[in-house]
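Structural overview
One-letter residues, chain by chain:
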Amino acid sequence: MSVLDSIIEGVREDLAARRLPLVQIHKRMEQTAPALDAHEFLSRDEMNVIAEVKRSSPSKGVLASITDPAALAEQYQEAGAAAVSVLTERRRFGGSLEDLDAVRKRVSIPVLRKDFMVDEYQFLEARAHGADIVLLIVAALSKSQLRDFYDLATELGMASLIEVHTAQELEGAMDIEPRIIGVNSRNLKTLDVDSAAFADLIPRIPSDVIRVAESGIATRSDVEFAQKAGATAILVGESLVKSGDPISAMQELIGRR
Ligand SMILES: O=P(O)(O)OC[C@@H](O)[C@@H](O)c1c[nH]c2ccccc12
């Protein structure tokens, strides 16, 4: 069983334990402000940063003790982030819907619910907790799930970040004509990181698509490498949460320092 498979198994178990009746989640969704237009926020004519609230990772364990995720997100916003990503997977990433709620309350930029989305209910839940963007991991979904979930997210007013790691996944993803594609330099089946994926895959993505370079970005030269490949956005977690000073770390990445 790959790492991805075992993460998804845990996600399904946790979901079964917290699932609310549909009427309840619908009610909560109706009481939530409509989603922000993430495409607009992520299309600025500069490197758009999606800054991540990430407590732990399966490869490195605890990254930082984040006592106030909302305060961290606020710092990201202050430093010029285009969006904030909040991990909600509990077992491997230490995240929660409470983290998502806290961040949503505090920032005015779009919020990405970062989780392993494998069940329709999670989309209702994401919206009910104020998410503007959801992650769809091509490696974790069948072709029909990818399409159905993309359509569902769109219906709920949310943008989808379609994540790929191989040329084959990218090809499959193009069929749904996504507006945002992320190239993850980390292979979720083995957790190995190889930034060659940026140079290999990002140039194959049409230029009217928002192109996000994901994972392993820690220095200004990492950002320049992704930019050269054609990335219009970067998704950064570890290096920001570990920096101790997320504002200057972000400014350093985007070359404002
Ligand atoms: O912490 P990093 O190396 O900067 O990576 C951030 C982000 O790309 C990573 O958290 C991520 C990308 N795709 C995912 C899918 C699930 C969980 C996590 C992820």
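Residues numbered from 1 in each chain as written. Predicted model: local features only at pLDDT ≥ 70, side-chain atom pairs only at ≥ 80, totals over all residues. Heavy atoms only, no water.

Next up on the list: the pattern of salt bridges. Taken as a whole and assessed by the stated rule, the structure comprises 19 salt bridges. Residues Asp-101 and Arg-28 are paired through a salt bridge, measuring 3.8 Å at the closest nitrogen-oxygen approach. Of the two residues, Asp-101 is situated in helix H5 (residues 97-106) and Arg-28 in helix H2 (residues 22-30); the sequence distance between them amounts to 73 residues. The shortest N-O distance in the salt bridge between Arg-113 and Glu-125 comes to 3.1 Å. Here Glu-125 lies in helix H6 (residues 120-128) and Arg-113 lies in strand S5 (residues 111-114), a separation of 12 residues in the sequence. (Salt bridge = Lys/Arg side-chain N within 4 Å of Asp/Glu carboxyl O. Helix = DSSP H or I, 4+ residues; strand = E, 2+ residues; numbered from the N terminus.)

Where burial is concerned, most of strand S1 (residues 48-53) is hidden: six out of the six residues are buried. Alternating positions in S1 separate into two faces, Asn-48, Ile-50 and Glu-52 on one and Val-49, Ala-51 and Val-53 on the other, with burial throughout. Sheet topology places S1 next to strand S10 (residues 233-236); four bridges connect them, and they run parallel. Within S10, the residue paired with Ala-51 across the bridge is Val-236. (Buried < 20%, exposed > 50% of the residue type's maximum accessible area, 1.4 Å probe, protein only. Pairing = 2+ DSSP bridges.)

The next subject is the sheet that holds strand S9 (residues 210-214). What the eight strands build is a closed barrel, ordered S1-S4-S5-S6-S7-S8-S9-S10; its pairing is parallel. Averaged over all adjacent pairs, the angle separating strand axes in this sheet is 25°, with direction ignored. Note: strand S6 (residues 133-137) against strand S7 (residues 159-164), five bridges, orientation parallel. Across the sheet, the residue bridging to Leu-136 is Ile-162, located in S7. (Axes fitted to C-alpha atoms, helices over the stretch in contact; angles between N-to-C directions.)

Moving on: helix H10 (residues 220-229). Listed as buried for H10 are Val-223, Ala-226 and Ala-229. Down the axis of H10, the smallest arc covering the buried residues is 120°, so these residues share one side. Turning to H10, the residues buried within the fold contact helix H9 (196-201), S9, S10 and helix H12 (246-253). Looking one or two residues beyond H10, the residue adopting positive phi is Gly-230, at roughly 115°. (Arc of directions from axis to C-beta. Contact = heavy atoms within 4.5 Å.)

Around the ligand, a shell composed of 17 residues is seen, among which Glu-52, Lys-54, Glu-163, Gly-237 and Glu-238 lie nearest. Here a nitrogen atom of the ligand and a side-chain polar atom of Glu-214 are 3.4 Å apart. Ser-215 places a polar side-chain atom, nitrogen or oxygen, 2.8 Å from an oxygen atom of the ligand. For the ligand, the protein covers 98% of the area, taking 440 Å² as the surface of the free molecule. Within the residue set of the shell around the ligand, elements represented by two or more residues are S6 and S10. (Near = heavy atom within 4 Å. Polar contact = N/O pair within 3.5 Å; in protein donor to acceptor, adjacent residues only side chain to side chain. Areas by Shrake-Rupley, 256 points an atom, 1.4 Å probe, with all protein chains shown as cover.)

Next up on the list: the side chain of Glu-125. Among the residues examined, Glu-125 registers a relative accessible area of 2% and is labelled buried. Beyond its immediate chain neighbours, meaning those up to four positions away, Glu-125 contacts Leu-15, Arg-18, Ile-25, Leu-97 and Arg-113.

One way to put it is that helix H4 (residues 69-78) packs onto H12 with a least axis distance of 9 Å and a crossing angle of 35°. Both H4 and H12 take part in a crossing whose hand is right-handed. Together, Leu-72, Gln-75, Tyr-76 and Glu-78 of H4 and Pro-246, Ile-247 and Met-250 of H12 make up the contact between the two elements. For the contact of H4 with H12, the per-class residue count stands at five nonpolar, one polar and one charged. (Left-handed = near helix turned anticlockwise from the far one by under 90°. Nonpolar A, V, L, I, M, F, W, Y, C, P; charged D, E, K, R; others polar.)

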